Each structure stands twice: as C-alpha cells, then as structure tokens.
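Spelled out, the chains give:
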Amino acid sequence: MQETSLQQIFALVPATVSHYLTSGLPILLQTLHSMTDAQIQWPWGPDFEWCSALVIAHHPRLQGAFRSINGLKLPVQTSKDDEIENATYNGWLSEHFISFVITFSAEGIMIAARTNAPGSWHDSRQTHRRVVISHNIHASLPDSGP
C-alpha cells in the first residue's frame, strides 16, 4: 500500500505516516522472527514424511512428492533506472512486474518463497534452485523414506 493511501484512509499527515512506517516495520520484522507460527521453514523428519504421505494418499504415483509451487506476478511502477525497468518488464504481458513464487507443503503451510524476482524471469528459472535443493534432500534420505 502506498503512503498516500494510508494518509487518506487514516487522515494522517505525510510526516506521521513516514515516521510510523520507518519505526514500525523493524518492530514487525522482529516480532515475526520470534513467532514460531510465522516462520517459513522446510519440513524435516516426521513432518516431511507426513506431507509426503498426504500427497501419496491422493496421488499414488507421485512417490516422494511433498509440496506444490504457485507463482504470483505483482505489478510495479516503472523505474527511472533503465536496468531495473528492463528487468521488471514482461514482454509477454507488456507490463512491469516482480514475481513471487511460493512453495506450500501438502498441509497448505508455506515452506519456501522466492520474492522480488524480476518480472522478466520465467517461473521455472526462479524455482530451479528450490528443485535442486529438494532433489539433494530427497537423495540424502534413507531408502525407506519417501
């Protein structure tokens, strides 16, 4: 949300909005870091096996699967910097975007995210690193694992 919208909604002057955003965002970040339920983390051990079992229960041929990936393109304003403007421009959609790719466990819990990727990147390019990590984790599991 832009600062001007906050000013209009809450009838605040620009200096007040700027002050509370500057001082409030670090407090919010610190609070979220301290909350276990707010943490984005990869499943390990029994949690991993539980997520894999949930997927296999619905899709028996997907052995070892435990997650799904979803991408979102967020529109952004054009930048005065030519390099940033070029990176955020998506020629297919003729707009400027940043991409947000989220990985969900089989329980619907967010377990990984790739944020602020340039809009010119394809979703597969953004998730490549996550797929390599996933493959390495799966390869290190004992044979009896998912």
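Criteria and cut-off values
- The residue numbers shown here count from 1 along each chain, following its written sequence.
- The predicted origin of the model limits local features to residues at a pLDDT of at least 70 and limits the giving and counting of side-chain atom pairs to 80 or more, whereas totals for whole chains, interfaces and linings rest on all residues.
- Processing note: side-chain calculations cover all non-hydrogen atoms of the structure and skip hydrogens and water entirely.
- Lining residues are those with an atom within 4 Å of a point, where the points come from a 1 Å grid over the protein atoms alone and group into cavities, where a 1.4 Å probe fits but cannot get out, or pockets, open sets with protein on both sides within 12 Å along at least five of seven lines.
- Grid points are joined across faces, edges and corners, and a volume is the space filled by probe spheres set on the points.
- A run of H or I in DSSP becomes a helix once it reaches four residues, and a run of E becomes a strand once it reaches two; helices and strands are each numbered from the N terminus.
- Basically, the charged four are Asp, Glu, Lys and Arg, the nonpolar ten are Ala, Val, Leu, Ile, Met, Phe, Trp, Tyr, Cys and Pro, and anything else, Gly included, counts as polar.
- Every residue gets a pLDDT, meaning the predictor's confidence in that residue, from 0 to 100.
- Whether two residues are in contact is decided by their heavy atoms, any of which lying within 4.5 Å being enough.

**Some thoughts on the layout of surface pockets**
Turning to step 1, where the next piece is worked out: Of the volumes computed, that of the largest pocket is approximately 250 Å³.
Turning to step 2, where the next piece is worked out: Around the largest pocket sit 14 residues that line it, and Gln41, Pro43, Asp47, Ile109 and Ile111 are the ones nearest its centre.
Turning to step 3, where the next piece is worked out: Elements that contribute at least two residues to the lining of the largest pocket include exactly helix H3 (46-58) and strand E4 (110-118).
Turning to step 4, where the next piece is worked out: Along the lines of polarity and charge, the residues of the lining of the largest pocket split into 7 nonpolar, 4 polar and 3 charged.

**Observations concerning the confidence of the model for the protein chain**
Turning to step 1, where the next piece is worked out: The pLDDT averaged across the protein chain works out to 76; a share of 74% of its residues lies at or above 70.
Turning to step 2, where the next piece is worked out: Mean pLDDT values for the elements of the protein chain range from 47 in helix H5 (residues 123-140) up to 91 in helix H2 (residues 14-34).
Turning to step 3, where the next piece is worked out: Here residues 129-146 is modelled with pLDDT under 50, and outside its nearest four sequence neighbours on either side it reaches 17 contacts, counting other chains as well.

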